[in-house]
Amino acid sequence: MSLQRIFSVYVIAFAGDFVNSFHANHLSHHAAHPSFVVDRTGRRELSAVSDPSVSESRTIGATLTLEGRTTKRSNPVPFKSIESITDFFKVAKHRNLLATAGGKRPLEVIEPTPELLKIWENACDGVGSTYPNENDVILKVKTGGINFPGIKVTSVVKIGAKLIEPENPDENLRYEFTSLGDERSVTGLRPVVWIFEKLSGGDGGKDGGSTTTKSLTKFTFEQVKGEKVVFSSDSFLSVVVNFPSILLKILPTNKEKAEESGGKSIAKVLEKDVEAAINTFEETYLKWLDNGVN
């Protein structure tokens, strides 16, 4: 799934509402003329961010916490053996389906450098996932771009993918996908782009604006009655947005409503991507069995 897409959907919608308020209140001509094309490259959640525990102040203005979680299960499918399903999980193209909404998005596999491994470890500390090693891979997933009235956002997201084979016989094989950051390009109408960058911290955190993102998706299986197995996925995404003081007086809604609607938007898009991934994974597994795999 694309974590930047999930966050962008909410922020774009929020920015659109903001601009409507912006025009309704006749904001000054000066405030509406920042740069209209912004390219930002780097780690969204691990660099140039404010501490999400910072209390509200006149400088920061407010901190919004937007959280979404979804759990999905496949239909029961035939189970032959632990060895068979382990072999299926270890196939790279099967793993990639889980990170691309079922193969819908372009993907590139990159080897983890020492610097990237350190970034990955920091991200693990934030979500409680397992530390990587040199045998793990990082996936770069390109979104198809998000078009919304007045703005277009495209991004490439880095995701740490780790397959865990537990030593405890009571635990099952699982994948952990940990968000590591993104590269983003934003183009469109000046006011909407400006608000988007202020909300997301894409302007480098000027005036107090920044975002901190944490995300983890776990994918595993469990045996059920009738010699069957069910694939399951548990996904979590938390986005902390620090607002600059200039936006506080003209936001189109209050903090509580923004957090509620933002969390629902995140959960909705998260659920859509996870469902597409788990459905395609199930279909691929059934075809794999039909090809005579033992």
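Residues numbered from 1 in each chain as written. Predicted model: local features only at pLDDT ≥ 70, side-chain atom pairs only at ≥ 80, totals over all residues. Heavy atoms only, no water.

1. Points about the overall build of the chain
Argument step 1. When helices and strands are counted, the chain shows 7 helices and 10 strands.
Argument step 2. Within the chain, the fraction of its 294 residues that count as buried is 51%.
Argument step 3. Pairs at least 24 apart in sequence give 78% of the contacts found in the chain among residues at least 6 apart.
Argument step 4. Split by element, the accessible area of the chain, about 13,900 Å² in all, is 49% carbon and sulfur. (Helix = DSSP H or I, 4+ residues; strand = E, 2+ residues; numbered from the N terminus. Buried < 20%, exposed > 50% of the residue type's maximum accessible area, 1.4 Å probe, protein only. Contact = heavy atoms within 4.5 Å. Areas by Shrake-Rupley, 256 points an atom, 1.4 Å probe, with all protein chains shown as cover.)

2. A closer look at the packing of aromatic side chains
Note on aromatic pairs: each is described by the distance of the centres and the angle between the planes.
Argument step 1. For the structure on display, the rule yields 14 aromatic pairs.
Argument step 2. Plain terms: the ring middles of F219 and F281 are 4.8 Å apart, the flat faces sit at 70 degrees to each other, and that makes the pair edge-to-face. One end of the pair, F219, is in strand β9 (residues 210-224); the other, F281, is in helix α7 (residues 255-290), with 62 residues separating them in the sequence. Residue F219 shares its accessibility class with F281, and that shared class is buried.
Argument step 3. Ring pairs connect the aromatic residues F88, F89, Y175, F177, F219, F221, F231, F281, Y285 and W288, which therefore count as one cluster. (Phe/Tyr/Trp six-rings, centres within 6.5 Å; stacked < 30°, edge-to-face > 60°.)

3. Description of the packing of helix α2 (residues 82-90) against α7
Argument step 1. The geometry of α2 relative to α7 is characterised by a closest axis approach of 11 Å and an angle of 125 degrees between their N-to-C directions. The orientation of α2 relative to α7 falls into the category oblique. Like other packed secondary-structure pairs, α2 and α7 cross with a definite hand, here right-handed. Contact with α2, carried on its side by S84, I85, D87, F88 and F89, involves F281, T284, Y285 and W288 of α7 and no other residues of that element. (Axes fitted to C-alpha atoms, helices over the stretch in contact; angles between N-to-C directions. Parallel < 35°, antiparallel > 145°, perpendicular 65-115°, else oblique. Left-handed = near helix turned anticlockwise from the far one by under 90°.)

4. Some thoughts on the pattern of salt bridges
Side chains bearing opposite charge may pair, as long as their charged atoms lie close to each other.
Argument step 1. Enumeration according to the criterion identifies 8 salt bridges in this entry.
Argument step 2. A salt bridge links D234 to R69; the shortest N-O distance between them is 3.3 Å. Separated by 165 residues along the polypeptide, D234 in strand β10 (residues 228-243) and R69 in strand β2 (residues 62-73) bring together distant segments of the chain.
Argument step 3. Of the residues examined, R69 reaches a relative accessible area of 49% and is grouped as partly exposed. (Salt bridge = Lys/Arg side-chain N within 4 Å of Asp/Glu carboxyl O.)

5. So, the nonpolar core
Argument step 1. Counting residues in each nonpolar core, the largest one holds 25 residues, and the members touching the most others are I85, F89, F177, F219, F231 and Y285.
Argument step 2. With 5 residues, the single largest contributor to this core is α7.
Argument step 3. By size, the runner-up hydrophobic cluster in this structure holds 9 residues, among which are L116, W120, A123 and C124. (Core = buried A, V, L, I, M, F, W, Y, C linked by side-chain atoms within 4.5 Å.)

6. Observations concerning the pairing of strand β7 (residues 151-164)
Argument step 1. Burial analysis of β7 places 11 of its 14 residues in the buried class, the great majority of the element.
Argument step 2. Where strand β5 (residues 137-142) lies against β7, 6 bridges are found, and the strand directions are antiparallel. Each bridged residue has a counterpart across the sheet, and for K140 the counterpart in β7 is K158.
Argument step 3. Pairing between β7 and strand β8 (residues 174-188): 14 bridges, direction antiparallel. Across the sheet, residue A161 finds its bridge partner in β8, namely F177. (Pairing = 2+ DSSP bridges.)

7. Re the packing of helix α3 (residues 92-99) against α7
Argument step 1. Between α3 and α7, the least distance of the axes is 8 Å, while the angle of their chain directions is 160 degrees. When the axis of α3 is compared with that of α7, the two are roughly antiparallel. Here α3 runs over α7; the crossing is right-handed. Between α3 and α7, the residues in contact are H94, L97 and L98 and A277, T280, F281, T284 and W288, respectively.
Argument step 2. Class assignment of the residues belonging to the contact of α3 with α7 gives a composition of 5 nonpolar, 3 polar and no charged. (Nonpolar A, V, L, I, M, F, W, Y, C, P; charged D, E, K, R; others polar.)

8. Focus: the confidence of the model for the chain
Argument step 1. Averaged over the chain, the pLDDT score is 75; the fraction of residues at 70 or greater is 67%.
Argument step 2. The low-confidence segment residues 15-60, where pLDDT is below 50, has 97 contacts with residues more than four positions distant or belonging to other chains. (pLDDT = per-residue confidence, 0-100.)

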